[in-house]
Amino acid sequence: MTSTTAPSDEPPAAPAGRTDLPPLDVLLPAAEHLPPDPREERLAALYAYGPPARGAHVVRANMVTSVDGAAWGPDHRSGSINDDADWRVFRVLRALADVVLVGAGTARAEGYTALDRPRRLRHLHDAPLELAIVTRTGRVPEALARGDRPPLVLTGPAGAATATGDVPADRVLVVGQDTAGTRDGHAPGAAVDLAAGLAALAERGLARVLTEGGPTLLGDLLAADLVDELCVTTTPSVVGQGPGRIVAGAAPSGTTALPPRGARLAHLLHSPEDRPGSPAGTTAARWLLPIG
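Residues numbered from 1 in each chain as written. Predicted model: local features only at pLDDT ≥ 70, side-chain atom pairs only at ≥ 80, totals over all residues. Heavy atoms only, no water.

Asks: If you had to explain the overall build of the chain to someone new, which residues and values would you point to?
Replies: From N to C terminus, the chain includes seven helices and eleven strands. Out of the 292 residues in the chain, the part that is buried amounts to 48%. Intrachain contacts of the chain at a sequence separation of at least 6 include 71% that bridge at least 24 residues. Approximately 12,900 Å² of the chain is accessible, and the part contributed by carbon and sulfur atoms is 55%. (Helix = DSSP H or I, 4+ residues; strand = E, 2+ residues; numbered from the N terminus. Buried < 20%, exposed > 50% of the residue type's maximum accessible area, 1.4 Å probe, protein only. Contact = heavy atoms within 4.5 Å. Areas by Shrake-Rupley, 256 points an atom, 1.4 Å probe, with all protein chains shown as cover.)

Asks: How would you explain helix α6 (residues 194-203) if you had to name every residue and give the values?
Replies: Within α6, the full set of buried residues consists of Leu194, Gly197, Leu198, Ala200, Leu201 and Ala202. For α6, the capping residue at the N-terminal end is aspartate 193, with a side-chain oxygen 3.2 Å from the backbone nitrogen of alanine 195. Of the residues trailing α6, glycine 205 is marked for its positive phi of about 85°. (Polar contact = N/O pair within 3.5 Å; in protein donor to acceptor, adjacent residues only side chain to side chain.)

Asks: How would you sum up the environment of alanine 61? Please name residues and give values.
Replies: Along the polypeptide, alanine 61 turns up in strand β3 (residues 58-66). For the pair alanine 61 and aspartate 228, spaced 167 residues apart in sequence, the C-alpha separation works out to 8.1 Å. Those residues in contact with alanine 61 that lie beyond four places of it in its chain are Thr211, Leu218, Val227, Glu229, Leu230 and Cys231.

Asks: Tell me about helix α7 (residues 215-223), residues and numbers included.
Replies: Among the residues of α7, Pro215, Leu217, Leu218, Gly219 and Leu221 are the ones counted as buried. Contacts from the buried residues of α7 go to β3, β4 (99-103), β5 (130-134), α6, β8 (208-211) and β9 (229-235).

Asks: Run through the packing of aromatic side chains, naming residues and quoting values.
Replies: The geometry of an aromatic ring pair comes down to the distance between the two centres and the angle between the two planes. Counting across every chain of the model gives zero aromatic pairs. In this structure, arginine 60 is placed above the aromatic ring of tyrosine 49, and the distance from its NZ or CZ to the ring centre is 4.1 Å. Residue placement shows arginine 91 over the ring face of tryptophan 87; its charged tip is 5.1 Å from the ring centre. (Phe/Tyr/Trp six-rings, centres within 6.5 Å; stacked < 30°, edge-to-face > 60°. Lys NZ or Arg CZ within 6 Å of the ring centre and 35° of its normal.)

Asks: Describe the pairing of strand β6 (residues 152-155), and please don't skip the residues or the numbers.
Replies: Of the two faces of β6, both are covered, the one formed by Leu152 and Leu154 as well as the one formed by Val153 and Thr155. One ladder, built from three bridges, connects β5 with β6; its direction is parallel. Looking at β6, one finds that valine 134 is bridged to leucine 154. Pairing geometry for β6 and strand β7 (residues 172-174), over three bridges, is parallel. If you follow leucine 154 over to β7, its bridge partner there is leucine 173. You can see the chain leave β6, run along helix α5 (residues 160-166) and come back into β7, and the turn it takes is right-handed. (Pairing = 2+ DSSP bridges. Right-handed = clockwise from strand over helix to strand, strands pointing away.)

Asks: Report on the confidence of the model for the chain, specifying residues and quantitative values.
Replies: Per-residue confidence for the chain averages 88 on the pLDDT scale, and 89% of its residues sit at or above 70. Residue range residues 1-8 is modelled with pLDDT below 50. Its contacts to residues more than four positions away, or to other chains, number 44 contacts. Predicted confidence is poor over residues 11-16, with pLDDT under 50, and the contacts of this stretch with residues over four places away or in other chains come to eight contacts. (pLDDT = per-residue confidence, 0-100.)

Asks: Which residues make up the nonpolar core, and what are the values?
Replies: Counting residues in hydrophobic clusters, the biggest one holds 36 residues, and the most contacted among them are Leu43, Tyr47, Leu131 and Leu269. Taken together, the elements giving at least two residues each to this core come down to β1 (24-28), α1 (41-46), α2 (84-96), β4, α3 (104-110) and β5. The element that contributes the greatest number of residues to this core is α2, accounting for six residues. Counting residues in hydrophobic clusters, the runner-up holds 29 residues, among them Leu101, Leu154, Leu217 and Ile246. (Core = buried A, V, L, I, M, F, W, Y, C linked by side-chain atoms within 4.5 Å.)

Asks: Go over unusual backbone geometry, please, and point to the residues and values.
Replies: Cis geometry is found at the peptide bond from leucine 28 to proline 29, where omega equals 10°. Looking at the secondary structure, you find proline 29 in the loop between β1 and β2 (32-34). Note that the residue after glycine 213, namely glycine 214, is joined by a cis bond; omega there is 10°. Relative to the helices and strands, glycine 214 resides in the loop between β8 and α7. With phi around 55°, glutamate 40 is a residue other than glycine that occupies positive phi space. One can find glutamate 40 in the loop between β2 and α1. Of note in the backbone geometry, aspartate 225 takes a positive phi value of approximately 55° without being a glycine. Within the fold, aspartate 225 resides in the loop between α7 and β9.

Asks: Account for the pattern of salt bridges, naming residues and giving values.
Replies: Following the criterion strictly, the structure yields 15 salt bridges and no others. Across the pair arginine 54 and aspartate 225 runs a salt bridge, and its minimum N-O distance is 3.0 Å. Of the two residues, arginine 54 sits in the loop between α1 and β3 while aspartate 225 sits in the loop between α7 and β9, which places them 171 residues apart along the sequence. The exposure classification of arginine 54 matches that of aspartate 225, with both residues buried. The partner of arginine 171 in a salt bridge is glutamate 130, and the shortest N-O contact between them spans 2.8 Å. Separated by 41 residues along the polypeptide, arginine 171 in the loop between α5 and β7 and glutamate 130 in strand β5 bring together distant segments of the chain. Ionic contacts of the salt-bridge type, sharing partners, join the residues Arg54, Asp225, Asp228 and Arg261 into one network. (Salt bridge = Lys/Arg side-chain N within 4 Å of Asp/Glu carboxyl O.)

See below:
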């Protein structure tokens, strides 16, 4: 599922500057209070992209989870477990990115349409915000395929013909090689080379990547060591049995899981106030992932 709230911006009737969002406290690395700010310049500074370390791009993943580790709620969407504190961070992350990268299944389930940079945060980055879809089959969600602003599509050779039937050919990035046999139940040739896809996006000037999942795409990116930052919002909710966690996918053959890797906490935010739509206790952590 996607990382956080629905892919829309603030409601059309919202005032010229949002002051109704909850305050946030920086707990680490140093205590600081962040009251609602229509321009969000301090929050943007906390989430500023660093220099590339894994090629010409920086990949930031943003996901939301409940206290008991669920990546979505009863409607199978992440929107049922997020809140206004999460949305405050979410808007800034989109405002800073060049491109949002999601799996086609997530785009379909969450109802993605063409993206716009949050209109009241365009002073943070004034270039258009692109959407890129990863699909092995080349199928593009109908709502995106028939739109006026089709997404970029990352697919392998087997999906290229299907993708070019859904979106203009110049929006299709064929990244991968034909493979023999099947892979995880997919047809031959269905693999997508994510490293090549990120390089192709960077060649288009889309180097600051925000991936919003879903869990399978995040798992694939982590397995390929392509994630520079993992931003995780934990909301004060308990979902119980059923939903998966923020990372999905089979472990490498012959293993039950890869050895744990280290991560460094860049900052930790906390929502201190109980308010409608955003109970106290939400935390937002930004983790930096070393190469390797």
